[in-house]
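# Architecture at a glance
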Amino acid sequence: MNYAILYNPGHNRVYFETSLKLSISEFHIVAQKFSTEFENLQHQNIDGLDYLTFETSQALSSSDVKMIFDLSFIYALFQIEYWNGELYLKPIRKIREDFVDESIGSILKYTGKTNEIFTRMMINVAFYSQSNHENIRLLDPIAGKGTTLYEGLRKGYHVYGIEIGDSLVNESYHFVKRFLETAKYKFDYASIKISGSNKSFSACRHTFETARTKEDFKNKNTRVIEFIAGNARYADQYYRKNYFDIIVGDLPYGVQHGNVTNEKQSSLTRNPAELLHACLPAWKKVLKPNGIIVLAWNCHVLPRKKMEELFEEQGFTVKNDAPYLQFEHRVDQSILRDMIVAQKNL
């Protein structure tokens, strides 16, 4: 059986060529869960449009189709058929049920925002690299204005973010509240102050519990979206041990904004190594055994080998199979972005 995936036209033109390479790696990681083997995965231009094409030994199952429509780069899926020597594309019905409308990740526009399609890819890589597929809890410990959380909520995950800036968290809180009210979702909201022993830290927790309908809310078919305005190095004080299935984040590049590891720190560092030295032990504690952490970062300020060493020193196993080593790509002249995927050891 032959299939073709039409690429999402939402990619900007600068990013489009890069996305072709990244899509191969994402597909390989997701397709390891398929019910059938695949081969001949390649980019193919059909009548002026770019597709990712592949062959399978058996027809895709409904669960396979659902996984394909989970891919970050997909716009449409077709079965390739030939008749009288002509190639025809037969559309395959979309199988995907979003918890919230996919527009949630693209509404906010601001300098330094991570592309929402790239964010979806990071989440997919994390999700399909671990074994739990139900009641997923996702943490972004460097959440910014919440793009990772919005993309995770769309997929039906419980999502949690930590951001050191009060102003950014307040913006995110008001955005989520307006979004849920406008879309007429049922939700409850709570805000509390939290602090460490001997006032070692202080933070504010904003928690939404939401459902698509009143009936769902009554039946506890709800999802959590939570923001903490606080320092990510205290993640293990905010959350209990082994709480999260996946951790996903885009480390600050030191170009549009910098890494902050101390509330009273006056200068910003361009090197994510300092942030990870301070925070990775706490992030590891709140991640489940065999849980996955996916971080994107700027290779210009921290080489991949050094990044891998940081994770290995903390007891993670870095995934270095071929698909996991093909994510490096140029964002602009000052940013060469890569992704590290690591699993917490038992």
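Look above for the structure.
Here we summarise the structure given alongside this text. (Residues numbered from 1 in each chain as written. Predicted model: local features only at pLDDT ≥ 70, side-chain atom pairs only at ≥ 80, totals over all residues. Heavy atoms only, no water.)

## Focus on the pattern of salt bridges
Keep this limit in mind: Here a salt bridge means any side-chain nitrogen of Lys or Arg lying within 4 Å of a carboxyl oxygen belonging to Asp or Glu. Numbering of helices and strands starts at the N terminus; helices are DSSP runs of H or I of at least 4 residues and strands are runs of E of at least 2. Three labels apply to residues, based on accessible area from a 1.4 Å probe with only protein chains included: buried if under 20% of the type maximum, exposed if over 50%, partly exposed otherwise in between.
On inspection of all chains with the given rule, the structure shows 16 salt bridges. A salt bridge links Glu181 to Lys177; its shortest N-O distance comes to 2.6 Å. Separated by 4 residues within a single helix, Glu181 and Lys177 lie in helix H5 (residues 166-182), roughly one turn from each other. The partner of Lys285 in a salt bridge is Asp236, and the shortest N-O contact between them spans 3.5 Å. Taken together, the residues Lys285 in helix H8 (residues 272-286) and Asp236 in helix H7 (residues 235-238) connect sequence positions 49 residues apart. By relative accessible area, which is 45% here, Lys285 ends up partly exposed.

## Quick word on the side chain of Asn298
Under the convention used in this document: Any N or O atom pair separated by 3.5 Å or less is treated as a polar contact, with the protein-specific requirement of one donor-capable and one acceptor-capable atom, and with residues adjacent in sequence counted only for side-chain atom pairs. Contact definition: two residues touch when any of their heavy atoms are within 4.5 Å.
Topologically, Asn298 is positioned in strand E12 (residues 287-298). A distance of 3.1 Å separates a polar atom in the side chain of Asn298 from the backbone nitrogen of His300. Among the polar contacts made by the side chain of Asn298, one reaches the main-chain carbonyl oxygen of Ser334 at a distance of 3.0 Å. Filtering out sequence-adjacent residues up to four positions away, Asn298 remains in contact with Tyr253, Ser334, Ile335 and Leu336.

## Thoughts on the environment of Tyr75
Among the structural elements, Tyr75 can be located in strand E4 (residues 74-83). Relative accessible area serves as the criterion here: at 53%, Tyr75 is assigned to the exposed category. Tyr75 sits 24 residues away from Tyr51 along the chain, and the two C-alpha atoms are 9.9 Å apart. With residues up to four places along the chain from it excluded, the contact list for Tyr75 reads Leu6, Tyr7, Asn8 and Pro9.

That is the geometry; function is a separate question.
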